[in-house]
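Chain by chain, the residues:
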Amino acid sequence: MSNNNESNIRFRDLFSVFISNLWIMCLIAVLVGASVFAYNYFTYEPMYESTGSIYILRQDSDNDSGSDYNSDFNLALNVVNDCKTLLTSRSVLEQVVADNALSYTYDDMLQIVSINSSTDTRLIDIKALTSSPEESRLIVESVRKIGKEQIQSIMGFDQVNIVGEATLPEVPSNSKFEITLSLLAAIAAFIVAYIIFALFFIFDDKISDPELIEKTLGLTVLAIIPNINHDKNSKSSSVYIGKTATKRQRYYANSWKENK
């Protein structure tokens, strides 16, 4: 029963900390949430991603047998990674920038352009991510055109087909999350603030209340007498716990008196 009482008291104390500091925690949560919302609102930049594909096939018009086709298919699969590297090479990307009068550097283009391919396929997807949907599409088309020429001339692939047209994105690929992020930030700030207040309370071993003296020392407080010799604006008091108190009990009582 004593353990249950101690647990209930501890829970009641923590709840008291929660109630007494509720307005401060709410204020912190509102400030943090508003700050996150304002930051995301004023710094948000919509980004648009365009996608296009090329199909790699080594043309061999003299032999149409199944074995030749399989050999050609396997060869194309083996060099897909080489093609992906070539498409993001300096010669290709710098030519894309020059042909379209773009203001990007080669390092910028490496961040904009991404090359992907699925397993066991000769299709290579080319993607570009910029703040303009038209510019993203333009970059994909240019990479496909210049990359096709480079693959044919350098790697000796006779047939590199451009699949359809590059997509023209209509909606940003990075949707707005101001409200969601703001709510999450506010909730996190509220929880962190409460944890800080609770930790301060848990690790504060000062005795600042007569009830704590009775609970901690097991003694009844006989009287609380104001300290008339102290500063008039002070609320310092003396506490008397009786002559039977031990040295340790008197220490805690004096500690409470000093804290007052």
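Now for a look at the structure at hand. Predicted model only: the values in this text are computed from it and were never measured.

1. Points about the side chain of Gln150
Summarising the element assignment, Gln150 is placed in helix 7 (residues 133-155). Ignoring any residue separated from it by four or fewer positions in sequence, one finds Gln150 in contact with Leu86, Ser91, Val92, Gln95 and Met155.

2. Digging into the pattern of salt bridges
According to the stated counting rule, one finds three salt bridges in the structure shown. With its nearest N and O atoms 3.0 Å apart, the salt bridge here joins Glu165 to Arg137. Taken together, the positions of Glu165 in the loop between strand 4 (159-163) and helix 8 (178-203) and Arg137 in helix 7 put the pair 28 residues apart, joining distant regions of the chain. A relative accessible area of 61% means that Glu165 is categorised as exposed. Close ionic contact of Glu141 with Arg144 constitutes a salt bridge, the shortest N to O distance being 3.0 Å. In this pair, Glu141 and Arg144 both sit in helix 7, three residues apart, roughly one turn of the helix.

3. Here's the deal with the pairing of strand 1 (residues 48-57)
The side chains of a regular strand alternate, first on one face of the sheet and then on the other. The buried fraction of strand 1 is high, at seven of ten residues. As paired strands, strand 1 and strand 3 (residues 123-130) are joined by eight bridges and run antiparallel to one another. Within strand 3, the residue paired with Tyr48 across the bridge is Thr130. Bridging between strand 1 and strand 4 involves five bridges; their strand directions are antiparallel. Bridge pairing in strand 4 links Ser53 to Val163.

Rules used throughout
- Residues numbered from 1 in each chain as written.
- Predicted model: local features only at pLDDT ≥ 70, side-chain atom pairs only at ≥ 80, totals over all residues.
- Heavy atoms only, no water.
- Helix = DSSP H or I, 4+ residues; strand = E, 2+ residues; numbered from the N terminus.
- Contact = heavy atoms within 4.5 Å.
- Salt bridge = Lys/Arg side-chain N within 4 Å of Asp/Glu carboxyl O.
- Buried < 20%, exposed > 50% of the residue type's maximum accessible area, 1.4 Å probe, protein only.
- Pairing = 2+ DSSP bridges.

These figures come from the coordinates and say nothing about function on their own.
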